[in-house]
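Understanding the architecture of this molecule
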Amino acid sequence: MIFSASMSASAKSTSELKDEREKIRSEIEAAQSKINSLKQKKEKQQEYVNALMEKIDLIQDKLDNLENQRDALQSEIDALQKKIDDTEKQIEETQKQIEKKQAEFRDIYDLYCQRLRAMYISGNVSTLEIFLDSGWDMSSLLTRAQMVKSIAEKDNETLDKLMEMMQVITQQRQLLAEKSVELKEDKEKLDAQKADLQSSIKDISASKSELDAEVAECNAAIRKLNSQTAEFQETIETDQNRLNEIEDEIRNAANAGAPTGSYTPGTGSLGYPTSYRRISAGYPNYSSGRYHGGLDFPCPTGTTVYAADSGYVSLVKYLTYSYGRYVMINHGNGLSTLYAHNSSILVSEGQAVTKGQAIAKSGATGNATGPHCHFEVRKNGTRVNPWNYLG
């Protein structure tokens, strides 16, 4: 009786169990509804991120176009400025030639006028009078006839030379006038091109500001999305020059000869860089479609990062952007691995390492939205699919 009473007191009735089951079912439905709501929010957030990335790409295309236009305008301005400089030199030279010809013309013209004045003062003696004054002396007659002929020929030569010089001066003045008109038109064109250049520069500045704003908003959206899903990835880096410098340095390090001293080349079969095997971003793209050159292993800051294979440390960098603090290991036979966004680095360049050796502590340095190990595999400096090498 005591046992029966105890059972009756502790056991739940069918009605109570049904109520409890209904409550649990209701809570499950509420939880599922919450999951569905969060999933929809995530999808909308991902769509928003994708739209932002698409806009960023378009703004970058616009920026590239504007910079190309700026460079083309600058080339045209330089060429036009050179043409203007050359035209001004031609005008200056032509002006000097005109002044020189005019001086020569004045000198010859003055001499010719003096001769005419002298002939006028001495009286206009006709050729017949010269012959009659010579009498019937044949020798005297021939001498005077020759003199008259020489004077006439000299006057004709002088007149011809004066006329020729006048034509040259007229042609040079015409050329000067044409060059002056051409110079004026070129200067007006130059002013218009300079105005276009300034407008292009303003557009570039505005587009860069717009790009920076969109990138900042996109990176914030990525962080928000990742905080919702506990996934981490790299934020967007827009400084292409810095990215090019990093890539050049990595390629050079990958293709450089081995350091002095012995090291054990790797086998080509790579181990995982962390004890965390789940990835938040794979190769060669993020879920958004944006390029991703490696694998991201989310892990708490300070997680040990291991050498994927034996080799030597070919590069150690402490950047505040892009890869942040990163290590690259050369495993021989053109194969290298790269470990990025570390909080600290435990090895130095030229150091020999073995497979599984601790080389760094994970973090979120550089362009990262959270703590993780960004892992790349490179063949002769070029990124390749890490899954082809991970054992």
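As shown above, the structure is provided for reference.
This report concerns the structure included in the present document. Quick caveat: nothing in here was measured; it's all calculated off a predicted structure.

What counts and what doesn't
Residues numbered from 1 in each chain as written. Predicted model: local features only at pLDDT ≥ 70, side-chain atom pairs only at ≥ 80, totals over all residues. Heavy atoms only, no water. Phe/Tyr/Trp six-rings, centres within 6.5 Å; stacked < 30°, edge-to-face > 60°. Helix = DSSP H or I, 4+ residues; strand = E, 2+ residues; numbered from the N terminus. Buried < 20%, exposed > 50% of the residue type's maximum accessible area, 1.4 Å probe, protein only. Lys NZ or Arg CZ within 6 Å of the ring centre and 35° of its normal. Disulfide = S-S within 2.5 Å. Expected span 1.5 Å × (residues − 1). Arc of directions from axis to C-beta. Contact = heavy atoms within 4.5 Å. Polar contact = N/O pair within 3.5 Å; in protein donor to acceptor, adjacent residues only side chain to side chain. Salt bridge = Lys/Arg side-chain N within 4 Å of Asp/Glu carboxyl O. Pairing = 2+ DSSP bridges. Patch = residues over 30% accessible without salt bridge, like charges linked within 9 Å, V, L, I, M, F, W, Y side chains within 5 Å. Areas by Shrake-Rupley, 256 points an atom, 1.4 Å probe, with all protein chains shown as cover. Lys, Arg positive; Asp, Glu negative; His and termini not counted. Charge placed at Lys NZ, Arg CZ, Asp CG, Glu CD. Core = buried A, V, L, I, M, F, W, Y, C linked by side-chain atoms within 4.5 Å.

Moving on to the packing of aromatic side chains. Using the criterion set out here, one finds four aromatic pairs in the structure. Relative to Phe375, the ring of Tyr339 lies with its centre 5.5 Å away and its plane at 50 degrees, an arrangement referred to as tilted. Of this pair, Tyr339 sits in strand E5 (residues 335–342) while Phe375 sits in strand E9 (residues 372–379), and the two are 36 residues apart along the sequence. Summarising the burial analysis for this pair, Tyr339 and Phe375 share the class buried. Above the ring of Tyr321, the side-chain terminus of Arg242 is found at 3.8 Å from the ring centroid.

This paragraph deals with the state of the cysteines. Summed over the entire model, instances satisfying the criterion amount to zero disulfides. Its sulfur unpaired, Cys299 is 6.2 Å from the next cysteine sulfur, which belongs to Cys373. By relative accessible area, which is 4% here, Cys299 ends up buried.

End to end, helix H5 (residues 240–255) covers 22 Å across 16 residues, agreeing with the expected 22 Å (1.5 Å per residue, within 8%). Within the sequence span of H5, burial applies to Ile246, Glu247, Ile250, Ala253 and Ala254. On an axial view of H5, the arc spanned by its buried residues comes to 130 degrees, and they lie on one face. Exposed side of H5, more than 90 degrees from the buried face: Asn241, Glu245 and Asn252 are the residues found there. Among the structural elements, strand E3 (311–318), strand E4 (325–332), E5, E9 and strand E10 (382–384) are those in contact with the buried residues of H5. For H5, the N-terminal cap is Asp239; the gap from its side-chain oxygen to the backbone nitrogen of Asn241 is 3.2 Å.

Our next topic: the pattern of salt bridges. A pair can form between side chains of opposite charge whenever their charged atoms are brought close. Counted by the stated rule, this structure contains 18 salt bridges. Linking Glu214 and Lys55 is a salt bridge whose minimum nitrogen-to-oxygen distance equals 2.9 Å. Here Lys55 lies in helix H2 (residues 14–122) and Glu214 lies in helix H4 (residues 138–229), a separation of 159 residues in the sequence. Given a relative accessible area of 11%, Glu214 falls into the buried group. Using a relative accessible area of 35% as the deciding quantity, one classes Lys55 as partly exposed. Salt bridges sharing common partners tie together Glu247, Asp248, Arg251, Glu376, Arg378 and Arg383.

This next bit is on the pairing of strand E1 (residues 295–298). Alternating residues of E1 divide into Leu295 and Phe297 and Asp296 and Pro298, and every residue in both groups is buried. With four bridges connecting them, E1 and E9 associate as antiparallel partners. Within E9, the position partnered with Asp296 by the bridge is His374.

Take a negative patch on the surface next. Residues Glu54, Asp57, Asp61 and Asp64 make up a contiguous surface patch of negative charge. On the secondary structure map, Asp61 appears in helix H2.

Time to look at the pairing of E4. Of all eight residues making up E4, seven are buried, and the element is well covered by its neighbours. In this sheet, E4 lies alongside E3 in antiparallel orientation, the contact comprising six bridges. The residue of E4 that forms the bridge with Leu315 is Met328. Where E3 folds back on E4, the antiparallel hairpin that results is connected by six residues, among which Ser322 adopts a positive phi of roughly 50 degrees. As paired elements, E4 and E5 share six bridges and run antiparallel to each other. Looking at E5, one finds that Ile329 is bridged to Thr337. Two successive antiparallel strands, E4 and E5, enclose a turn made up of two residues, where Asn333 displays a positive phi of approximately 55 degrees.

Turning our attention to the nonpolar core. Of all hydrophobic cores here, the largest spans 21 residues; its most connected members are Val327, Tyr339, Ile359 and Phe375. Those elements that place two or more of their residues in this core are E1, E3, E4, E5, strand E8 (358–361) and E9. Here this core takes three residues from E9, the largest share from any one element. Beyond its immediate stretch of four places on either side in the chain, Val327 contacts Val313, Leu315, Thr337, Leu338, Tyr339, Asn342, Ile345, Val347 and Ile359. Within the second largest apolar cluster, 15 residues are counted, among which are Leu63, Leu211, Cys218 and Ile236.

What follows deals with the side chain of Thr303. Within the element layout of this structure, Thr303 appears in the loop between E1 and strand E2 (304–306). With near-sequence residues (within four places) excluded, Thr303 lies in contact with Tyr276, Ala360, Lys361 and Ser362.

Turning next to unusual backbone geometry. With an omega dihedral of 5 degrees, the bond running from Tyr283 to Pro284 counts as a cis peptide bond. Along the chain, Pro284 falls in the loop between H5 and E1. Look at Ser322: it is not a glycine, yet its phi comes out positive at around 50 degrees. Locating Ser322 in the fold gives a position in the loop between E3 and E4. Even without a glycine there, the phi angle at Asn333 is positive, about 55 degrees. If you trace the backbone, Asn333 turns up in the loop between E4 and E5. Overall, Asn333 belongs to the exposed group, its relative accessible area being 67%.

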